[in-house]
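The residues making up each chain are set out below.
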Amino acid sequence: MASGIDREALAMSLARMDPQQHKIVGGLLVVLFRHPTKIRDREWLLEQLTEVMVLAGDFENPETVQDYLKTEVDGLLNCALRIFGCVGEDLAPRAAEGLTLEAAMLQALTYLGQSEAAPNGPKG
């Protein structure tokens, strides 16, 4: 299956992220895997991202959350959505067996745990 996701660009994005950003992306991925049908609803995505940021971050007040969201929203959402797509592609051959949230998160962690990913990223 040909991938439409640039895994090399994903690996580079992940390598530039700090631990807090990895934590936020990981938290958002849990939400996405639990509610995959809502992934195209941008307003819902932004609400979920904000909630995850508040839980995962060390923000002093709502203004710092808003400032962080303004500067980081595109990078965080793009990274989470790319990982979500990669995990879908990676696990597609096992779909007939049934997939679990745990299997999806374990596969997602193979991306989040990489400091310098291979150009084609994890597949199995």
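Residues numbered from 1 in each chain as written. Predicted model: local features only at pLDDT ≥ 70, side-chain atom pairs only at ≥ 80, totals over all residues. Heavy atoms only, no water.

Visitor: Before we go on, may I ask you to explain the packing of aromatic side chains in this structure?
Guide: Each aromatic ring pair is specified by the distance between its two centres and by the angle formed by the two planes. In the structure shown here, the tally under the stated rule is two aromatic pairs. For the pair F33 and F84, a centre-to-centre distance of 5.3 Å together with 25° between the ring planes defines the contact as stacked. With a gap of 51 residues between them, F33 in helix 2 (residues 19–34) and F84 in helix 4 (residues 62–91) connect regions that are remote in the sequence. Comparing F33 with F84 shows no difference in burial state: the two are buried. (Phe/Tyr/Trp six-rings, centres within 6.5 Å; stacked < 30°, edge-to-face > 60°. Helix = DSSP H or I, 4+ residues; strand = E, 2+ residues; numbered from the N terminus. Buried < 20%, exposed > 50% of the residue type's maximum accessible area, 1.4 Å probe, protein only.)

Visitor: Which parts of the structure should I look at to understand the nonpolar core?
Guide: Where a protein is soluble and globular, its nonpolar side chains tend to be buried together. Ranked by size, the top nonpolar core spans 35 residues in total, and within it V25, L29, L32, L49 and I83 carry the most contacts. Counting only elements with at least two residues in this core, the list comes to helix 1 (7–16), helix 2, helix 3 (42–56), helix 4 and helix 5 (101–112). Examining the composition of this core, we find that 13 residues originate from one element, helix 4, more than from any other. Residue contacts for L32: discarding those within four places in its chain leaves I39, W44, L45, A80, L81 and F84. (Core = buried A, V, L, I, M, F, W, Y, C linked by side-chain atoms within 4.5 Å. Contact = heavy atoms within 4.5 Å.)

Visitor: How should helix 1 be read in this particular structure?
Guide: An α-helix turns once per 3.6 residues; consequently, residues spaced three or four apart project the same way. Looking only at helix 1, the buried set comprises R7, A9, L10, A11, S13 and L14. Buried residues along helix 1 sit in contact with helix 2, helix 4 and helix 5.

Visitor: Quick question: what am I supposed to make of the environment of L101 here?
Guide: Examined against the element boundaries, L101 turns out to sit in helix 5. Among the residues examined, L101 registers a relative accessible area of 27% and is labelled partly exposed. Distance from L101 to V31, taken between C-alpha atoms, is 9.9 Å for residues 70 residues apart in sequence.

Visitor: Looking at this structure, I do not really get the environment of R94. What am I missing?
Guide: Summarising the element assignment, R94 is placed in the loop between helix 4 and helix 5. When residues no more than four places from it in sequence are discounted, the contact partners of R94 are L99 and A103.

Visitor: Where do I start with the state of the cysteines in this structure?
Guide: By definition, a disulfide links the sulfur atoms of two cysteine residues through a covalent bond. Summed over all chains, the structure comprises zero disulfides. The thiol of C79 is unpaired, and the distance to the nearest cysteine sulfur, on C86, comes to 9.4 Å. Residue class for C79 comes out buried when judged on its relative accessible area of 1%. With a relative accessible area of 0%, C86 lands in the buried category. (Disulfide = S-S within 2.5 Å.)

From the geometry alone we can't say anything about function, so treat these as descriptive.
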